[in-house]
Amino acid sequence: MTDVSQSPSAAAAPAITIRGVTQRFGDAGSSQSVLALDNVSLEVARGEFVCLLGPSGCGKSTLLNIVGGLIRPSQGEVTVSGRRVDGAPRPDEIAFVFQESTLFPWYTVIENFRIALKFQRVPKAEWDDRAMAALRAVGMAGFSGHYPNQLSVGMRQRVNMARGICVKTGILLMDEPFAALDEQTRMVLGEDLSILLAETGKTIVFVTHSLAEAVFLSDRIVVMTARPGSIKTIIDVGEPHPRSPDFMLEPRFGELRNELYALLRDEIRKTMASQRDPAAARGGA
Amino acid sequence: MSAAADAPKSGFAMPRARAVKLTRWAIIAGAALFLEIYGRFFADPAFMQPVSAVLKALIHPILSDPRILQALGLTIFEIGAAYGLSIVFGSLIGVAIGSANLPRKSLYPVILLLYAIPQVSLMPLVVLIFGLGPAAKIFFGFSHGIFPIIVNTVSGMRNSNELFLRAAGSMGASRAQIIRHVLFPNMVPSFFVGLRLAMTLTLLGVILAELYVSTGGIGYFTRLYAESYNPAPLFALTGVLAAIALAFNGLVRIAERRLTPGLRAAPAVKTPKGNNPEGTAL
């Protein structure tokens, strides 16, 4: 495991560089072909929290999967810590937290941590210390012997998040991790996440639909256009982590939220129009 | 009657375990009593005999005649052998078919087609090939038992949640680790469904063959009792076969409970002091 942050030149370099990424599903020219991402370029600094926000189907998750090496882009390239990602996962650098809990139901909570650390080739002696530290951080230490299906959905996602944080990667990619939760639980987990991040200094790319979540958590919010997804604008939040819930009561929070909504509204209308009449939308594009 | 008194007052409450047990035994006792009275006073003894006569026949001749005991032992051996072969070959073939696209798409439909064949019609051929000894019976049990194991192994491997595979891949799991820690555990519940179905079918196959080849073994005795209009030992023998089936099923269940993770007895939900697991202050 190379600790890149030690070397001054690497510290200045961005954690993630996305250059001209275009993603097409299906063969170009065929009627089934879908252009999911169109020439997306973005840099994410080390320790930064970036949200990808956009109408559904705009390619946010696709972009995240490309950064994580789960999908190879049709064009363009992604570099993580200076090394090119080419459709192969980089478990030493990047951890994923998915929308649904990916805790294996046949393992207990602690076994799920052990197996993740084993997959990542972390020495066995460290497994339990790390797992328990991460579980304590999310208040789930008392449930290490439970099977996932004995936990509530919120508890499960809390453990799932802890598992993503406990591995030694500098980058965490989160694909709508709170989407399946009720609003109160989301807010609480969001607060937890903000605190954890301030402590660990990880770089995070976070996909969400929720405007409030985006404003509350992000350093920068990348607003994407309707399909084919490209970057419409980037908004700076400029509020230090960890953030307290009081931030949500500040006028700036509401202003940012409204600004985001105004930006997204047009895109959502465009998506709906193209869904109503796909042929016209393709012709127009 | 005491069962009814034990039942809770509210119609919607879950009945207590004791009430369930008592009701069950009351029904069994009632049925036995009815059969006893009917068999003793009304039925033609050539076709039906009372429960007491069946129990008597169970002790003598069924459980005291060494020839019958030997035949039962042979049947148990045949079921065990057929079942063992079904498990070994069924799981091997199932894993081979389920682990790659080519065999699954090419071979699996053929297997499903074979599964659908009513094998009883091939019985005479099996006897011609394997002779009158245990080999034909073991083969017939095996040819019945192998299919549900193949089918359930394949479907267990196919149903691997895409999400788990993606998660394991993103964590850097090797191909071997994915098979060991994701595909296999995911397959286990479905595999045991196959094992239980296979147990029933293996038993059916062996008994069918036993009845068809009635020169010796259990088949000889069932025919003997049926044709001599002596139903009491016939019922008793059937009861023994049912007990054998139950015993085999019990073994499968014990294995299932031991080997299915997540079904094992789980620790009680307890909250340690000074820890608030469900949520921080809202």
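All values derive from a computational prediction rather than experimental measurement.

> Break down the confidence of the model for chain B for me, with residues and values.
Residue and element names in this part refer to chain B. Looking at chain B as a whole, the pLDDT averages 83, with 87% of positions reaching at least 70. Averaged pLDDT values over the elements of chain B bottom out at 45 in helix 1 (residues 2-6) and peak at 93 in helix 2 (residues 17-41). Confidence drops under pLDDT 50 across residues 1-8; counting only partners more than four residues distant or on other chains, this segment forms 13 contacts. In the model, residues 264-282 has pLDDT below 50 throughout and makes 32 contacts with residues more than four positions away in sequence or in other chains.

> I'd love a proper account of the sheet that holds strand 1 (residues 16-25) of chain A, names of residues and values included.
All names here are of chain A. The strand order 2-1-4-5 describes an open sheet built from four strands, whose pairing is antiparallel. Each edge of the sheet is formed by a strand with only one pairing partner; in this case those strands are strand 2 (34-44) and strand 5 (83-85). Neighbouring strand axes in the sheet, compared pairwise and without regard to direction, differ in orientation by 30° on average. Running over the sheet, helix 2 (residues 60-67) touches strand 1, strand 2, strand 4 (75-80) and strand 5 and is turned about 120° from strand 1.

> A description of the sheet that holds strand 3 (residues 49-53) of chain A should follow, citing residues and the corresponding values.
Residue and element names in this part refer to chain A. Within the open sheet, the six strands sit side by side as 6-7-8-3-9-10. Their pairing is mixed. The outermost strands of the open sheet, each flanked by one partner alone, are strand 6 (94-97) and strand 10 (231-236). Neighbour-to-neighbour, the strand axes of this sheet turn through a mean angle of 15°, independent of strand direction. In the packing of helix 5 (residues 153-166) onto the sheet, contacts are made with strand 6 and strand 7 (171-175), and the angle to strand 6 comes to roughly 175°.

> Tell me what's going on with empty space enclosed by the protein, and back it up with residues and numbers.
Tallied over the full model, the rule gives two cavities of 30 Å³ or more. Looking at the largest cavity, its volume works out to about 100 Å³. Along the wall of the largest cavity there are 14 residues; nearest its centre are A95(A), F96(A), R163(A), G164(A) and M171(B). Secondary-structure elements contributing two or more residues to the lining of the largest cavity are strand 6 and helix 5 of chain A together with helix 9 (162-170) of chain B. Considered class by class, the residues forming the lining of the largest cavity number eight nonpolar, five polar and one charged. By volume, the second largest cavity is sized at about 40 Å³. Those elements that place two or more of their residues in the lining of the second largest cavity are strand 1, strand 2, strand 3 and helix 2 of chain A.

> Break down unusual backbone geometry for me, citing the residues and quoting the values.
A cis amide bond links H60(B) with the next residue in sequence, P61(B), at an omega value of 15°. By secondary structure assignment, the location of P61(B) is in helix 3 (residues 51-62). Phi is positive for R121(A), which is not a glycine, with a value near 60°. On the secondary structure map, R121(A) appears in the loop between helix 3 (109-119) and helix 4 (127-137). On the basis of relative accessible area, R121(A) is assigned to the exposed category, the value being 57%.

> Describe the packing of aromatic side chains, listing the residues and the values that go with them.
Evaluation of the coordinates by the stated rule reveals 19 aromatic pairs over all chains. An angle of 15° between the planes, with centres 5.7 Å apart, marks the rings of F104(A) and W106(A) as stacked. For W106(A), a relative accessible area of 5% gives the class buried. Taken together, a centroid distance of 5.5 Å and an interplanar angle of 70° make the contact between W106(A) and F164(B) edge-to-face. Linking W106(A) in the loop between strand 6 and helix 3 with F164(B) in helix 9, this pair reaches from one chain into another.

> Lay out the packing of helix 11 (residues 217-227) of chain B against helix 12 (residues 231-259) of chain B with the relevant residues and their values.
All names here are of chain B. Direction vectors running N to C along helix 11 and helix 12 enclose 150°, while the axes themselves pass 9 Å from each other. Comparing the axis directions of helix 11 and helix 12 gives the class roughly antiparallel. Considering how the two elements wind past one another, helix 11 and helix 12 form a crossing that is left-handed. Note on element contacts: helix 12 touches helix 11 through P233, L234, L237 and L241, opposite I218, F221, T222, Y225 and A226. Across the contact of helix 11 with helix 12, the residue classes tally to eight nonpolar, one polar and no charged.

> Go over the side chain of T153(B) with me, naming the residues and quoting the values.
By the element assignment, T153(B) lies in helix 8 (residues 134-158). Leave out the neighbours within four places in its chain, and T153(B) touches G90(B), S91(B), G94(B), V95(B), M187(B) and F191(B).

Calculation rules
Residues numbered from 1 in each chain as written. Chains lettered and ligands numbered in written order. Predicted model: local features only at pLDDT ≥ 70, side-chain atom pairs only at ≥ 80, totals over all residues. Heavy atoms only, no water. pLDDT = per-residue confidence, 0-100. Helix = DSSP H or I, 4+ residues; strand = E, 2+ residues; numbered from the N terminus. Contact = heavy atoms within 4.5 Å. Pairing = 2+ DSSP bridges. Axes fitted to C-alpha atoms, helices over the stretch in contact; angles between N-to-C directions. 1 Å grid on protein atoms, 1.4 Å probe; cavity = no way out; pocket = protein on both sides within 12 Å on 5 of 7 lines; lining within 4 Å. Points joined across faces, edges and corners; volume = space filled by probe spheres on them. Nonpolar A, V, L, I, M, F, W, Y, C, P; charged D, E, K, R; others polar. Buried < 20%, exposed > 50% of the residue type's maximum accessible area, 1.4 Å probe, protein only. Phe/Tyr/Trp six-rings, centres within 6.5 Å; stacked < 30°, edge-to-face > 60°. Parallel < 35°, antiparallel > 145°, perpendicular 65-115°, else oblique. Left-handed = near helix turned anticlockwise from the far one by under 90°.

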